[in-house]
Amino acid sequence: MATAATMGQVALPELKRYKYSGALATGALAAGGTLGILIPPSVPLVIYAVLTQESIGKLFMAAVLPGIIAMLGYMLVIRIIVTLKPEAGPAGPHVPLAEKLRSIASVFPVALIFLVVIIGIYGGWANPTEAASIGAAACGILAVVSGGMRFEGVKDSILGAAEATAMIFLVLLGADMLNTGLALTQMPAELANWVKDSGLSPLLVLTAILLIYVFLGCVMDALAMILLTIPIFYPVVMGLEFWDLSQADKSIWFGILVLMVVEIGLVHPPVGMNIYIINRLAKDVPLSDTFKGVMPFLASDLMRIVLLMFFPVITLYLVRTFGG
């Protein structure tokens, strides 16, 4: 949600300036915001690893190719939409190559900060929170040095951060109250037990589990879903046979599938939290347009899940190649 809110504040004014349709602009940003939990480092994957005693490094490695496929799928969706409806994303003015190169050069310091943060996390000299603090401080210094951050800029930044944080936490407070209610009613556990005792074939059991995650994603946040259901679903999946996978491969593959359906819950009607975050920023776009705009991206997500469900080798390729 923080990813969607941050990118929404930056991208929505530009998309509006270039006359993109409200549905495409908000739908793309809401769906794109879910990539943050799929591309490592990912907090839900860390929680999954802790609950299942799985290797965090191998899970991060396994999430790379599905994350790239998700990104390419979203880009393809946008291409199809603007081909069928050019007015949804009109072409901008032609930009000379020299100006493009200057623009790329101006982004280099930010890209360098990004690399330092990621290398710091994977190199082990900073945890994600510390690395994020370093990145934020470096971006602040860069803003001052480049001349864009003065008193008014500092004031606007503080107010913008406060408003975005308050908006996100208000959504989270509501979700947390609902999570508590669902936990007390034991509904997730009852659904899990129903699947476990159903006697269905392994693929149908897995499909039912993923559908339950999509359903729960409409009313729960990602971490609550994982904490409540993994202790129940994980032993069920580990006891089934899928494509002659080893127990270790099956554990990693299931973790990535869970992460992807959790991601869908953030943009799935009627309570996709990313949708409400983006729509709150785009005050002139009706909520119904945002829901319509996100539907093609959900179709891309569905095809990706089916692909990775039937071809686990895509998820496991990097782990088998570099994971030792």
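Residues numbered from 1 in each chain as written. Predicted model: local features only at pLDDT ≥ 70, side-chain atom pairs only at ≥ 80, totals over all residues. Heavy atoms only, no water.

*Asks:* Would you take a moment to explain the environment of Y234 for this structure?
*Replies:* As for its position among the elements, Y234 is in helix α11 (residues 222–238). The exposure class of Y234 is buried, given its relative accessible area of 16%. In sequence terms Y234 and Y48 are 186 residues apart; their C-alpha atoms lie 9.9 Å from each other. Here the side chain of Y234 touches S251 through a polar contact of 2.9 Å, side chain to side chain. (Helix = DSSP H or I, 4+ residues; strand = E, 2+ residues; numbered from the N terminus. Buried < 20%, exposed > 50% of the residue type's maximum accessible area, 1.4 Å probe, protein only. Polar contact = N/O pair within 3.5 Å; in protein donor to acceptor, adjacent residues only side chain to side chain.)

*Asks:* Would you mind showing me how to read the environment of L302 here?
*Replies:* By secondary structure assignment, the location of L302 is in helix α14 (residues 287–310). Look at L302 and you get exposed, because its relative accessible area is 54%. As a C-alpha pair, L302 and G199 span 103 residues in sequence and 25 Å in three-dimensional space.

*Asks:* Whenever I open this one, unusual backbone geometry confuses me. Can you help?
*Replies:* Note on backbone geometry: most residues besides glycine have negative phi, and most peptide bonds are trans. Within the chain, Q53 stands out as a residue other than glycine whose phi angle is a positive 60°. Of note in the backbone geometry, W243 takes a positive phi value of approximately 50° without being a glycine. As for its placement among the helices and strands, W243 is situated in the loop between α11 and α12 (247–265). On the accessibility criterion, W243 (39% relative accessible area) is partly exposed.

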